[in-house]
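Notes for the structure review
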Amino acid sequence: MLSYLTISNLMHAMDILIIWFLLYKIIQFFEGTRALQILFGVGAIILVKVVSWYLGLTTLSWVMDQLITWAPIALVVVFQQEIRRGLETLCRGLTVRRARIDNAEENQLIKSLDDALQYMSKRRIGALITIQREAQLEEYIKTGIKLDAYITGQLLINTFIPNTPLHDGAVIISKGRIAVAAAYLPLSESVRIPKELGTRHRAAVGISEASDAITVVVSEETGEISITQNGDLLRHMDQESYLNFFKHQFLATDELPLSKKHWWQKKGGTTT
């Protein structure tokens, strides 16, 4: 037994464990997206290649070789959004966050959001508000109508009043000010998003997949308040829930990201 416990064998075992861990993280990263199906397709091609080589099927093996040769270029094109999101997530994980000393602006932001959300939720006024964090949102800010205005609940409410020029699209808050309104956000293709949710929720999840921004959604049909962050969607947020979330995110030094399992949540914090 002890003869197997050599440095070489331990290194081989560690090598295998690292590979399995990396494969697990890759599958976890793509879980719930169409990209996972493509990854399984790539795995099937590799499997066919191995089988054809073993059985001596020369033509089939050659075809698989060609597919494998060009696959990396195709994968970069197909997975460009996911690759970008992964690199941004890695960079954010390596970044040391600065402690906040003066919370005056953050408190004003929370109060303004609270005033606007309470008003719009009760009246079922649809809204989409994205708050920039560390990652820049310039490419999305350019799609909107510039406001560069002081953040107030009244301005947020007036922006989303139906049948007004700015109500369709997203408000983006950047550097403590309302940068733009009527901005276009990328739509998520995640299959985990419930089918009853519309474009606003897909846009909210989409921008959270592409950046570390926090996005708040008010449903026009139900008045339900939802929050997205890091590709996750937290639904049925009552006033106490979203205020606690905002305080942890904007006032505390350490962030408390949404759990990836909490895609559906009832009032009071119970998951379904």
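Residues numbered from 1 in each chain as written. Predicted model: local features only at pLDDT ≥ 70, side-chain atom pairs only at ≥ 80, totals over all residues. Heavy atoms only, no water.

**What about the UniProt feature "transmembrane region" (unreviewed entry) in the protein chain?**
The UniProt feature table records "transmembrane region" (unreviewed entry) at residues 6-24, 36-55 and 61-79. Between the C-alpha atoms that bound residues 6-24 there is a distance of 27 Å. The span itself is 95% helix and 0% strand. (UniProt positions renumbered as here; feature names shortened; annotations may be inferred. Helix = DSSP H or I, 4+ residues; strand = E, 2+ residues; numbered from the N terminus.)

**Comments concerning the pattern of salt bridges**
Oppositely charged side chains can pair when the atoms bearing their charge come close. Throughout the structure, instances matching the rule amount to 6 salt bridges. Between Lys49 and Asp65 there is a salt bridge, with the nearest N and O atoms lying 2.9 Å from each other. Pair noted here: Lys49 is in helix α2 (residues 34-55) and Asp65 is in helix α3 (residues 58-78), with a separation of 16 residues, a long-range link. What makes Asp65 partly exposed here is its relative accessible area of 30%. Across the pair Glu220 and Arg200 runs a salt bridge whose closest N-O atoms are separated by 3.3 Å. Here Arg200 lies in helix α8 (residues 199-210) and Glu220 lies in the loop between β5 (214-218) and β6 (225-229), a separation of 20 residues in the sequence. The class of Arg200 is partly exposed, set by a relative accessible area of 23%. (Salt bridge = Lys/Arg side-chain N within 4 Å of Asp/Glu carboxyl O. Buried < 20%, exposed > 50% of the residue type's maximum accessible area, 1.4 Å probe, protein only.)

**Regarding the nonpolar core**
Across soluble globular proteins, you tend to see nonpolar side chains buried next to one another. By size, the foremost hydrophobic cluster in this structure holds 30 residues, and its most contacted members are Met120 and Phe246. If you list the elements that add at least two residues to this core, you get α5 (104-123), β1 (127-131), α7 (153-159), β3 (170-174), β4 (177-183), β5, β6 and α9 (239-250). Looking at this core, the element that brings in the most residues is α5, giving 6 residues. In contact with Phe246, not counting residues within four places along its chain, are Ile110, Leu113, Leu117, Val216, Ile227 and Leu251. (Core = buried A, V, L, I, M, F, W, Y, C linked by side-chain atoms within 4.5 Å. Contact = heavy atoms within 4.5 Å.)

**A word on unusual backbone geometry**
Of note, the phi angle at Asp148 is positive, near 50°, even though the residue is not glycine. Assignment of secondary structure puts Asp148 in strand β2 (residues 145-150).

**What about the pairing of β3?**
Judged by how many residues are buried, β3 sits mostly within the fold: 5 of 5 residues are covered. As defined by bridge partners, β1 adjoins β3 across 3 bridges and the pair is classed as parallel. Note on β3: the bridge partner recorded for Ile131 is Ile173. Looking at chain direction, β3 and β4 are connected through 4 bridges and run antiparallel. Of the residues in β4, the one forming a bridge with Ala170 is Ala183. Where β3 folds back on β4, the antiparallel hairpin that results is connected by 2 residues, among which Lys175 adopts a positive phi of roughly 55°. (Pairing = 2+ DSSP bridges.)

**Focus: the confidence of the model for the protein chain**
In this model, the protein chain carries an average pLDDT of 80, and 76% of its residues clear a pLDDT of 70 or more. Across the protein chain, element-level confidence peaks in β1 with a mean pLDDT of 97 and bottoms out in helix α4 (residues 80-94) with 61. Every residue in residues 96-101 scores below 50 in pLDDT, and together they form 9 contacts with partners more than four places removed in sequence or on other chains. (pLDDT = per-residue confidence, 0-100.)

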